[in-house]
Amino acid sequence: MSEIVIEAKELTKQYIKQKAVKSASFAVKKGSICGLIGPNGSGKTTIMKMLGGLVLPTAGSIEIYGASDEKGLAKARSRMSFIIETPYAKEALTARENLEKQRIQKGIPDKKRIDEVLELVGLSDTGKKPVKAFSLGMRQRLGIANALLTHPEIMVLDEPINGLDPEGIIEIRELLKKLNREEHITIVISSHILSELSLLCTDYIFIRNGDIKRMLTADELKKECTECYYIHTDNDPIALAVLNEKIGISQYDVDKNGGIRIYEKLDEIRTISKTLYENGVIPLELSMREANLEQYYMNLVGGDTNVELAESSELSDKT
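Attention in this report is confined to the structure presented alongside it. None of the values given here were measured: they were computed from a predicted structure. (Residues numbered from 1 in each chain as written. Predicted model: local features only at pLDDT ≥ 70, side-chain atom pairs only at ≥ 80, totals over all residues. Heavy atoms only, no water.)

Focus on the sheet that holds strand S10 (residues 228–233)
Okay, so step 1: The strand order S11-S12-S10-S13 describes an open sheet built from 4 strands, whose pairing is antiparallel. Edge strands, defined here as strands with exactly one partner in the open sheet, are strand S11 (252–254) and strand S13 (283–289). For this sheet, the mean angle separating the axes of adjacent strands, direction not counted, is 20°.
Okay, so step 2: With 6 bridges joining them, S10 and S13 adopt antiparallel strand pairing. What sits directly across from Cys228, in S13, is Arg289.
Okay, so step 3: This element, helix H10 (residues 269–278), spans S10, strand S12 (260–262) and S13 of the sheet and lies at about 160° to S13. (Pairing = 2+ DSSP bridges. Helix = DSSP H or I, 4+ residues; strand = E, 2+ residues; numbered from the N terminus. Axes fitted to C-alpha atoms, helices over the stretch in contact; angles between N-to-C directions. Contact = heavy atoms within 4.5 Å.)

Considerations on the sheet that holds strand S4 (residues 59–64)
Okay, so step 1: Taken together, the 3 strands give an open sheet; going across it, the order is S2-S1-S4, and neighbouring strands pair in antiparallel fashion. Each of the sheet's edge strands pairs with one partner strand only, and the pair in question is strand S2 (19–29) and S4. Taken pair by pair, the neighbouring strands of this sheet meet at an average axis angle of 10°, ignoring direction.
Okay, so step 2: Helix H1 (residues 44–51) rests against strand S1 (4–14), S2 and S4 of the sheet, and its axis sits at about 65° to S2.

Structural notes on helix H5 (residues 136–148)
Okay, so step 1: Compared with the 18 Å implied by 1.5 Å per residue over 13 residues, the 18 Å span of H5 between its first and last C-alpha is a close match.
Okay, so step 2: With 11 of 13 residues buried, H5 is to be regarded as a mostly interior element.
Okay, so step 3: Within the span of H5, buried status applies to Gly137, Met138, Gln140, Arg141, Leu142, Gly143, Ile144, Ala145, Asn146, Ala147 and Leu148. (Expected span 1.5 Å × (residues − 1). Buried < 20%, exposed > 50% of the residue type's maximum accessible area, 1.4 Å probe, protein only.)

Considerations on the packing of helix H3 (residues 95–105) against helix H4 (residues 112–121)
Okay, so step 1: Between H3 and H4, whose axes approach to 10 Å, the crossing angle comes to 130°. On the basis of the axis angle, H3 is oblique to H4. Where H3 crosses over H4, the two elements pack in a sense that is right-handed. Residues Ala95, Arg96, Leu99, Glu100 and Arg103 of H3 lie in contact with H4, whose contacting residues are Ile114, Asp115, Val117 and Leu118.
Okay, so step 2: Residues of the contact of H3 with H4, tallied by class, amount to 5 nonpolar, no polar and 4 charged. (Parallel < 35°, antiparallel > 145°, perpendicular 65-115°, else oblique. Left-handed = near helix turned anticlockwise from the far one by under 90°. Nonpolar A, V, L, I, M, F, W, Y, C, P; charged D, E, K, R; others polar.)

With respect to the side chain of Arg173
Okay, so step 1: Along the chain, Arg173 falls in helix H6 (residues 166–182).
Okay, so step 2: With relative accessibility at 15%, the residue Arg173 sits in the buried group.

Re the packing of aromatic side chains
Okay, so step 1: Summed over all chains, the structure comprises 1 aromatic pair.
Okay, so step 2: Summarising the aromatic geometry, the rings of Tyr204 and Phe206 are spaced 6.3 Å apart at their centres and angled 20° between planes, so their arrangement reads as stacked. Grouping residues by exposure puts Tyr204 and Phe206 together as buried.
Okay, so step 3: The ring of Tyr65 carries Arg79 above its face, with NZ or CZ at 3.6 Å from the centroid. (Phe/Tyr/Trp six-rings, centres within 6.5 Å; stacked < 30°, edge-to-face > 60°. Lys NZ or Arg CZ within 6 Å of the ring centre and 35° of its normal.)

Let's talk about the nonpolar core
Okay, so step 1: Judged by nonpolar contacts, the single largest core of 48 residues is most densely connected at Ile144, Leu148, Leu176, Leu179, Tyr204 and Phe206.
Okay, so step 2: In terms of residues, this core owes the most to one element, H5, which gives 6 residues.
Okay, so step 3: Look past the residues within four positions of Leu148 in its chain and what remains in contact with it is Arg113, Val117, Leu120, Val121, Met155, Leu179 and Ile185.
Okay, so step 4: Within the second largest apolar cluster, 27 residues are counted, among which are Ile6, Met50, Leu73 and Met80. (Core = buried A, V, L, I, M, F, W, Y, C linked by side-chain atoms within 4.5 Å.)

And the structure:
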């Protein structure tokens, strides 16, 4: 069984007018790239701030490397790095000069570490180029370089690809894969760009309105996004009520042209068909179909998501 490095239990954050996170429980495995996925305003950043100690939970607990008390969490967080807001850098300074200031502030004695992290993030050849002349992707890589100075075992990254052009997104994706593969860094990353995380993550946590809707691995997501039963009957609204009340099916969506896609109990098609008949509904079509990631996500969270999604073909094997 994989070692759990972060575990949240019933984590809740209540602000004056709203509950940003509602009894969230999840775990992050060592060596994983765990994607926290949801629309803007769904609670992703609040969860990350609680992991970093920047926001205190209203209720619930956080355990990092087995520690849950204040002193133990502080020690555990010293093994982590966080990029929660836009990475800060002095515009007039070079990448090296910025990192040198950070090295001194963080009390890191090894000056060679700057060369190491610049090489890791692909900024070793920027020379005297000031940060103000950097692209957004280069700025993000500099922020990651800064986060790497302390040799973190876990990196928590909030929307690191937000606003990047396609080339910048690819650069950050490949960099994070490299850090996970070669530096053995566990990564927790949030985004509303599901199509990109589908090419990166080993594990997923789906969240909406502060509620965690589902947790699953990349293999589980791939399987669930390539299989569904399509049911069309002589009375689909009644069929939907029967499926829900008699069989307990809750993971479904309704096709715009009528018909129902079911994402669970795929091995019970005979029971489904029999139950429909017994309740006066005649199936006109029962077939296995390939679902896409958008349909799966909409089934989990529903409504207006503001999430960018990908077709199931983008759920490729992780490398």
